[in-house]
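The lines below spell out each chain.
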Amino acid sequence: MPLIVVDEVRKRFGDNEVLKGVSLNVEPGEVIAIIGKSGSGKSTLLRCINGLESIDDGTIMVGDAHVGTDEVRLRALRLRVGMIFQQFNLFPHLTTGRNVMLSPMVVKGMKESDAATLARDVLTRVGLEHKFDDWPDSLSGGQQQRVAIARALAMQPIALLCDEITSALDPELVNEVLAVVRGLAADGMTLLMVTHEMRFAREVCDRVVFMHHGRVHETGPSEEVFGNPQTPELRQFLGML
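Residues numbered from 1 in each chain as written. Predicted model: local features only at pLDDT ≥ 70, side-chain atom pairs only at ≥ 80, totals over all residues. Heavy atoms only, no water.

1. A short note on unusual backbone geometry
The bulk of non-glycine residues show a negative phi, and the bulk of peptide bonds are trans. You will see that glutamine 156, though not glycine, has its phi angle at about 50 degrees, which is positive. Topologically, glutamine 156 is positioned in the loop between α5 (141-153) and β7 (159-163). Here glutamine 156 falls in the exposed class, since its relative accessible area comes to 53%. The backbone phi angle of histidine 213 is positive, close to 55 degrees, even though this residue is not glycine. (Helix = DSSP H or I, 4+ residues; strand = E, 2+ residues; numbered from the N terminus. Buried < 20%, exposed > 50% of the residue type's maximum accessible area, 1.4 Å probe, protein only.)

Right under this line is the structure:
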């Protein structure tokens, strides 16, 4: 049974229909890359799955629950689905450890001592256990993004949505973040990633979804999509890279 089901989802911003009937199933443990030109609807799709944007038509299910607009459903959804953005959005007045501890304490009511233990565990998972007491502004961009990943992992999500998580990084810092994502994929985490890192998508992702003009234009196993694109639009997109 799919973990995430997107069925004929439409989303408009005024007169601009950004998603034009998108359907997508994500199986547990599957790693999917969403690729396409800017403006094709990739990030909007992730934001709809996480309830950050409401949809105009269609349905989205995560696990056995519909994504709805009421606060109770949205709160429950965000306990189950983590989202990592281009920008790190760390609180500058909190240490690395406190940034990671905050959501489990506030949202889940976890005791401070338990939250600290959890924070150390997930920071270890992203290779930053030694930065627990450091301030965000003392970290590199790659380290800050890894803290953001740890913060999402601290909520023990059933899936992670990653929206261009390396696009704000200097080139030399990209690989350290992708190495963490590679490890999460190897551990069986369900990942849905908007990315321009085509080599990473080809090597790590089970499936690639190519979006074009607000629709899923082509999808398939990563080797097939990159090795034998079926549509002129995808061939043109890959040829531009």
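2. Comments concerning the nonpolar core
Ranked by size, the top nonpolar core spans 52 residues in total, and within it Ile149 and Leu191 carry the most contacts. Among the elements that line this core, the one with the most residues is helix α6 (residues 171-186), at 8 residues. In this structure isoleucine 149 touches Ile84, Val126, Ile165, Val177, Val180, Val181 and Leu184, once residues within four positions along its chain are discounted. Val22, Val26, Val62 and Leu77 belong to the second largest nonpolar core, which has 26 residues in total. (Core = buried A, V, L, I, M, F, W, Y, C linked by side-chain atoms within 4.5 Å. Contact = heavy atoms within 4.5 Å.)

3. Quick word on the pattern of salt bridges
Counted by the stated rule, this structure contains 13 salt bridges. Residue arginine 207 pairs with glutamate 30 through a salt bridge whose shortest N-O separation is 2.9 Å. Taken together, the residues span a long stretch of sequence, with arginine 207 in strand β9 (residues 207-212) and glutamate 30 in the loop between β2 (16-26) and β3 (31-35) at a distance of 177 residues. For the pair formed by arginine 207 and glutamate 30, the shared burial category is buried. Among the salt bridges present, the one from glutamate 203 reaches arginine 199, with a minimum N-O distance of 3.0 Å. Residue glutamate 203 and its partner arginine 199 are located together in helix α7 (residues 198-204), separated by 4 residues, close to a single helical turn. (Salt bridge = Lys/Arg side-chain N within 4 Å of Asp/Glu carboxyl O.)

4. Some details on the sheet that holds strand β1 (residues 4-13)
The strand order β2-β1-β4-β5 describes an open sheet built from 4 strands, whose pairing is antiparallel. Both outer strands of the open sheet, β2 and β5 (65-66), are each paired with one neighbouring strand and no more. Pairing of strand β4 (residues 57-62) with β5, which is carried by 2 bridges, proceeds in the antiparallel orientation. Paired with valine 62 across the strands is alanine 65, a residue of β5. (Pairing = 2+ DSSP bridges.)

5. Quick word on the packing of helix α3 (residues 96-108) against α5
Two elements in contact, α3 and α5, have axes whose closest approach is 8 Å; the angle formed by their N-to-C orientations is 30 degrees. One finds that α3 runs roughly parallel with respect to α5. When the axes of α3 and α5 are compared, the crossing they make is right-handed. Note on element contacts: α5 touches α3 through Val147, Ala150 and Arg151, opposite Thr96, Asn99 and Val100. Residue composition of the contact of α3 with α5, by class: 3 nonpolar, 2 polar and 1 charged. (Axes fitted to C-alpha atoms, helices over the stretch in contact; angles between N-to-C directions. Parallel < 35°, antiparallel > 145°, perpendicular 65-115°, else oblique. Left-handed = near helix turned anticlockwise from the far one by under 90°. Nonpolar A, V, L, I, M, F, W, Y, C, P; charged D, E, K, R; others polar.)

In short, the description is geometric, and any link to function would need to be established separately.
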